[in-house]
Structures are given as C-alpha cells and as structure tokens.
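# Structural description and commentary
Single-letter residue listing:
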Amino acid sequence: NQLQLYDNDNSYIFSIITENERKIVNNGKETILTFNIILSIFLFIILYLLYRNQSILEQKIEAKTKELTEKQKIIAHQSKMAAMGEMIGNISHQWRQPLSVISTAASGVIFHKELNILSDEILLESMNNITNSTQYLSETIDDFKNFTKQEKEKMLFEVTPTIEKAIDLIRPILEDKKIKVIKNTQDIKFFGIDNELIQVLLNTFNNSIDAFEIKESSNDKLLFIDTFKKDSHIVINIKDNAGGISEDIIERVFEPYFTTKHKSQGTGIGLYMSMEIISKQLKGEIILKSTSYTFNSVDHKGTIVTIKLPMYE
C-alpha cells in the first residue's frame, strides 16, 4: 500500500514525512525548553546558596574584624595607661631631689630670718637653688607632655637625640638601680614619629631593669645601646647582661598579655605594643633573643633587642 501510495501520490507521502519531521522538531524544542528551565532553576538555586553563604561569610568577617579592632583598641589603651604609670613613677623619682632642695632652701631662709642672721649671701644662694630646682621641674613636665601628646605627623629626626630623650626619662631609675649605660651611636636620620620610637625604647629599657631585679650577680649592671647603618636600614641594638631569657618562652614574648612577671609588676603588653609600633607604624622589624659576649675580659649573658628601621633617603 505504501509503494502504491508512493507511486500514485508522491505529494501525499511527502506531506506525511514533513509532518513527522515537524513533530520531532517540536518535541525536541519542548525537550530543550524543559531542560533550559530546569537548568535555570538549578543555577538560580546554586547562585542563591552561593550569595547566601557569601553574605554569611562577609558578616562573620565583618564581626571578626570589629572584634579584633576593639581588642586592639583595648590593648593600645592598656599600653598607654601602663606607659603613663611608668612615666609618673619616673617623674616622682626625678622630682624628689629638686623638691627636697626647694624645701630645704625655703626652711633655711625662714630659720635664718627668725634668728636675725639672714644675710644677703644666704638669701641669694637659697633663691638660686629654688629657681634652678623649679626650672628643672618645669623641664621634666615638658618632657612628660612631649611624650604623652598624640603626635601623628611624621617628620625627619635623628635617632641619637631620640635615644637620649628616652634615657633622660628614666635616668633617675637607672642611677638608683646602678645600671651603667654604654652608648655607641651614629648620627642617622629617620622619617617617622619619634615619640613612637621613644615608647619602644622605654619598653625595652624597663624590661632590662626588671630583669636586673631578678638576677643576682656580682658583675656590674650594663646596658649597651648601639646604632649603625646596614643594608639601607637603621639598626638599633639594645643589650644587657641580666642573664638572658629562656628558650622555652622566647617565641611567645611578643604575644599580647604574655608575661613572666607577677601581675602587680607587668601587663604583658609592652613587647606586643613595641612590635605593633615598629612593624605597622614605623614599617620596621624588632627581634629579641638571648646572647653571650665578653666585655672588659668578663663573660656576660643577657638579652639583645634588635630594631631595624628603613633608612630615610
């Protein structure tokens, strides 16, 4: 019948074939459309889940960043308070002698006046002592103000005078503890904020002072300060002979709140803040390690702190 149909009416068999092809094409289109819809839904679900996960991740990162920022603020505040307490202690040491001189001079003038033996020479000498002592007190107040003011503008300054400022702030304590400072410094210029470097130096000096309190030795207490240039860097070495630090804890000394001192003696944030200041503010590096050396034919063991700062070009 098909052959007959094909022989007798070619147009009809052609129309049947065309209809079948059209149905196949339409079925294919429907299949592709259905597949595209399913694929679109699947991709939409994946994108939604990715967006949701990303949003949750961003929220977690933002919360963690905020938490770390708050912790950093707390640590910085505690460091500032600790430095302030140390500065007040230093000022009290510095003020004892001039206040004693003023009190003695004033009492002497009153005593001599009551006995009618106050001469012009005694009066002038007493007034000069009072004037010199009050001027010294004024200078220590200026040192304190310069250290505590929030100076954030970077400028060009020399490292050696900055080291001298730090030493002057704790000189009474160094003299009271009989710690001898041996300096070998070069005139090197640095671009930054000198108060930040002073804070780091004070933290380092105070750590050595505390270490000397623990150590019992018949040797002199020595604190070496060396500065020099090396490979486009300014290097500041601060070395003592206070016995060094145990290798078991040396890797943790820059952790916040880590301290080997009693709670009443330290907060454990001095070296951490020193590292933060050197690395983030001054764009340098700070390293601490134990060292052994010979000085004046005597063997010593202590700690050396190395501060590397980029040299000003």
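Rules used throughout
Residues numbered from 1 in each chain as written. Predicted model: local features only at pLDDT ≥ 70, side-chain atom pairs only at ≥ 80, totals over all residues. Heavy atoms only, no water. Helix = DSSP H or I, 4+ residues; strand = E, 2+ residues; numbered from the N terminus. Buried < 20%, exposed > 50% of the residue type's maximum accessible area, 1.4 Å probe, protein only. Contact = heavy atoms within 4.5 Å. Areas by Shrake-Rupley, 256 points an atom, 1.4 Å probe, with all protein chains shown as cover. Patch = residues over 30% accessible without salt bridge, like charges linked within 9 Å, V, L, I, M, F, W, Y side chains within 5 Å. Salt bridge = Lys/Arg side-chain N within 4 Å of Asp/Glu carboxyl O. Phe/Tyr/Trp six-rings, centres within 6.5 Å; stacked < 30°, edge-to-face > 60°. Lys NZ or Arg CZ within 6 Å of the ring centre and 35° of its normal. Core = buried A, V, L, I, M, F, W, Y, C linked by side-chain atoms within 4.5 Å. Pairing = 2+ DSSP bridges. Axes fitted to C-alpha atoms, helices over the stretch in contact; angles between N-to-C directions.

## Examining the overall build of the chain
Check the secondary structure of the chain and you find six helices and seven strands. In the chain, buried positions account for 29% of the 313 residues. Once local pairs closer than 6 in sequence are excluded, the contacts in the chain between residues at least 24 apart make up 74%. When the accessible surface of the chain is summed, it comes to about 20,700 Å², and 56% of that surface belongs to carbon and sulfur atoms.

## Notes on a nonpolar patch on the surface
Taken together, the side chains of Leu33, Ile37, Ile41, Phe44, Ile45, Tyr48 and Leu49 present a nonpolar region at the surface, about 710 Å² in accessible area. Mapped onto the secondary structure, Ile41 falls in helix 2 (residues 10-114). Given a relative accessible area of 48%, Ile41 falls into the partly exposed group.

## Regarding the packing of aromatic side chains
Evaluated as defined, the whole model comprises three aromatic pairs. Here Phe224 and Tyr293 contribute two aromatic rings whose centre-to-centre distance is 5.6 Å and whose plane-to-plane angle is 90 degrees, an arrangement assigned as edge-to-face. One end of the pair, Phe224, is in strand 4 (residues 221-230); the other, Tyr293, is in strand 6 (residues 285-295), with 69 residues separating them in the sequence. For Phe224, a relative accessible area of 7% gives the class buried. Put simply, the rings of Phe224, Tyr293 and Phe295 touch in pairs and so form one group of aromatic residues. Between Lys239 and the ring centre of Phe224, over which it is positioned, the NZ or CZ distance is 5.2 Å.

## What about the nonpolar core?
Of all hydrophobic cores here, the largest spans 38 residues; its most connected members are Leu201, Phe205, Ile236, Ile307 and Leu309. Mapped onto this core, the elements with two or more residues apiece are helix 4 (159-176), helix 5 (194-214), strand 4, strand 5 (233-240), helix 6 (270-281), strand 6 and strand 7 (298-310).

## Describing the sheet that holds strand 4
Spatial strand order, 2-4-5-7-6: five strands in an open sheet with mixed pairing. For this open sheet the edge positions go to strand 2 (179-184) and strand 6, each flanked by a neighbour on one side alone. Neighbour-to-neighbour, the strand axes of this sheet turn through a mean angle of 20 degrees, independent of strand direction. Pairing geometry for strand 6 and strand 7, over 11 bridges, is antiparallel. Bridging across to strand 7, Tyr293 finds its partner in His300. The sheet contacts of helix 4 involve strand 2, strand 4 and strand 5, and relative to strand 2 the element is tilted by about 175 degrees. Against the sheet, helix 5 touches strand 2, strand 4, strand 5, strand 6 and strand 7, its axis set at about 20 degrees to strand 5.

## Points about the pairing of strand 7
Across seven bridges, the pairing between strand 5 and strand 7 is antiparallel. Note on strand 7: the bridge partner recorded for Lys239 is Ile304. Connecting strand 6 to the antiparallel partner strand 7 that follows it, the hairpin turn spans two residues, and Asn296 within it adopts a positive phi of roughly 55 degrees.

## A few points about the pattern of salt bridges
A complete count under the given rule lists four salt bridges for this structure. Note that Lys177 and Glu213 form a salt bridge whose closest N and O atoms lie 3.4 Å from each other. Residue Lys177 is located in the loop between helix 4 and strand 2, and its partner Glu213 is located in helix 5; the two are separated by 36 residues in the primary sequence. Between Lys280 and Glu276 there is a salt bridge; the shortest N-O distance is 3.0 Å. Separated by four residues within a single helix, Lys280 and Glu276 lie in helix 6, roughly one turn from each other. Accessibility expressed as a relative area gives 48% for Lys280, which makes it partly exposed. Classification of Glu276 by relative accessible area gives buried; the value is 10%.

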